[in-house]
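Each chain is listed here by its residues.
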Amino acid sequence: MQVLDIITKALNIGLSSLNHGANIFELGLDSISIIGFSRALQNAGLSNAKISVVKSNPSLEGLVKALLNSNSQDQGRENAYVEAKQRLAVFAQKHVVGVCKDLGIESVEVESISPCTPVQEGMIYKFLESNQALYFNKFEFRLADGVGTKRLFTAWNRVVERLEVLRTKFVETDDGFGQAVLRTGNFSWGKPAFEYVSVEKSAALKMPYTLSLKSISSGNTITLQLFHGLYDGNSLA
């Protein structure tokens, strides 16, 4: 009945004028007034009453159902969002001490802690089971003439400051693997290139990327080794 009250007020008609088979256009709406009608419904609390929804449901019965169903879906999404946010907070609170101990840092050095996604965990466990540096991909770039390594180092540190993924470490917890984002990157160039295949598995996950510089007669080359759990194809596009 509340939705019907809102509709009658927006149409400026009495409730007795309505029936289940009523058509909103027959009740006085046209292509112009439907804009104000839609806005009136939204102002009354039916935030999903967009013009497209109203136009596609001209019968009163169909419009009421569409508005109620959409409201339910919106509330469901809101509830899911709140629940997910609470779960993240609980995970972080539960594991902050263990994560910091494992990484050898203080809690003030941590920006956030969250569980890994199923895809990330799948990659991690495949890596742990493998004898190779599985999912640690290597990219080599030759520096153009005139590119100073000191300036490049400074620029990269700025990128690290701005991107959480470059300050992320993977740590095992009682609830699966978590990802801890540090407030600072503590990044340094590696010489020579770091070899993940020869590193203990848990240590590799705590340092999921490295950047090394190699100087040869023809110029400088940098090698980026990056765990695929930190990025997808679009990230490097």
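Residues numbered from 1 in each chain as written. Predicted model: local features only at pLDDT ≥ 70, side-chain atom pairs only at ≥ 80, totals over all residues. Heavy atoms only, no water.

**Q** When you look at the overall build of the chain in this model, what are you seeing that I'm missing?
**A** Within the chain one finds seven helices and six strands. Put simply, the chain runs from its N terminus to its C terminus through helices and strands in the order α-α-α-α-β-α-β-α-β-β-α-β-β. When contacts within the chain are restricted to residue pairs at least 6 apart in sequence, those whose partners lie at least 24 apart make up 61%. When the accessible surface of the chain is split by element, carbon and sulfur atoms take 52% of a total near 14,600 Å². (Helix = DSSP H or I, 4+ residues; strand = E, 2+ residues; numbered from the N terminus. Contact = heavy atoms within 4.5 Å. Areas by Shrake-Rupley, 256 points an atom, 1.4 Å probe, with all protein chains shown as cover.)

**Q** Help me understand the sheet that holds strand β3 (residues 168-173), please; the structure alone is not making it clear to me.
**A** Remark on secondary structure: sheet strands pair via backbone hydrogen bonds, oriented parallel or antiparallel. Spatially, β1-β4-β3 is the arrangement adopted by the three strands of the open sheet, whose pairing is antiparallel. Single-partner strands in this sheet number two, and they are β1 (110-115) and β3. For this sheet, the mean angle separating the axes of adjacent strands, direction not counted, is 25 degrees. In this sheet, strand β4 (residues 176-182) lies alongside β3 in antiparallel orientation, the contact comprising six bridges. When the bridges of β4 are listed, T173 appears paired with G176. (Pairing = 2+ DSSP bridges. Axes fitted to C-alpha atoms, helices over the stretch in contact; angles between N-to-C directions.)

**Q** Looking at this structure, I do not really get unusual backbone geometry. What am I missing?
**A** Note: most residues except glycine have negative phi, and most peptide bonds are trans. The backbone of Y135 sits at a positive phi, close to 75 degrees, despite the residue not being glycine. By the element assignment, Y135 lies in the loop between α5 (118-129) and β2 (136-142). On the basis of relative accessible area, Y135 is assigned to the partly exposed category, the value being 29%. (Buried < 20%, exposed > 50% of the residue type's maximum accessible area, 1.4 Å probe, protein only.)

**Q** Which parts of the structure should I look at to understand the sheet that holds β2?
**A** Spatially, three strands are ordered β2-β6-β5 in an open sheet, and the strand pairing comes out antiparallel. Since the sheet does not close on itself, it has two edges, and those belong to β2 and β5 (209-216), each with one partner. Along the sheet, successive strands turn relative to each other by an average axial angle of 20 degrees, direction set aside. Here β2 runs beside strand β6 (residues 219-227); their pairing, made up of seven bridges, is antiparallel. The residue bridging F136 from the neighbouring strand is F227, located in β6. Contacts from helix α6 (residues 149-162) reach β5 and β6 within the one sheet, and its direction differs from that of β5 by about 170 degrees.

**Q** Where do I start with the nonpolar core in this structure?
**A** Of all hydrophobic cores here, the largest spans 20 residues; its most connected members are I124, W156, F170, L205, Y209 and F227. Every element with two or more residues in this core is listed here: α5, α6, α7 (201-205), β5 and β6. The next biggest cluster of nonpolar side chains, apart from the first, holds 17 residues, and it includes I7, F37, L46 and L67. (Core = buried A, V, L, I, M, F, W, Y, C linked by side-chain atoms within 4.5 Å.)

**Q** What should I look at first to understand the environment of A89 in this one?
**A** Along the chain, the position of A89 falls in helix α4 (residues 60-103). For the pair A89 and S114, spaced 25 residues apart in the sequence, the C-alpha separation amounts to 8.0 Å.

**Q** I keep staring at the packing of aromatic side chains and nothing clicks. Help me out?
**A** In this description, a pair of aromatic rings is defined by centroid distance and the angle of the planes. Scanning the model with the defined rule gives eight aromatic pairs in all. With a centroid separation of 5.6 Å and 75 degrees between ring planes, the pair formed by Y125 and F177 is classed as edge-to-face. Placement of Y125 in helix α5 and of F177 in strand β4 is noted, with a sequence separation of 52 residues between them. Three or more aromatic residues link up through ring pairs in this structure, and these residues are F127, F136, F170, Y196 and F227. Its end group placed over the ring of F127, K201 keeps NZ or CZ at 4.0 Å from the ring centre. (Phe/Tyr/Trp six-rings, centres within 6.5 Å; stacked < 30°, edge-to-face > 60°. Lys NZ or Arg CZ within 6 Å of the ring centre and 35° of its normal.)

**Q** Explain a nonpolar patch on the surface here, please?
**A** On the surface, V159, L163 and V165 cluster together into a nonpolar patch covering about 200 Å² of accessible area. For L163, the position within the fold is in the loop between α6 and β3. (Patch = residues over 30% accessible without salt bridge, like charges linked within 9 Å, V, L, I, M, F, W, Y side chains within 5 Å. Salt bridge = Lys/Arg side-chain N within 4 Å of Asp/Glu carboxyl O.)

**Q** Would you mind showing me how to read the pattern of salt bridges here?
**A** One side chain can pair with another of opposite charge once the charged atoms of both are near each other. Counted by the stated rule, this structure contains five salt bridges. In this structure, E83 and R87 form a salt bridge, with 2.8 Å as the shortest nitrogen-oxygen distance. Pair noted here: E83 and R87 are both in helix α4, with a separation of four residues, about one helical turn. Residue classification places E83 among the partly exposed positions, given a relative accessible area of 39%. For R87, a relative accessible area of 59% corresponds to the exposed category.

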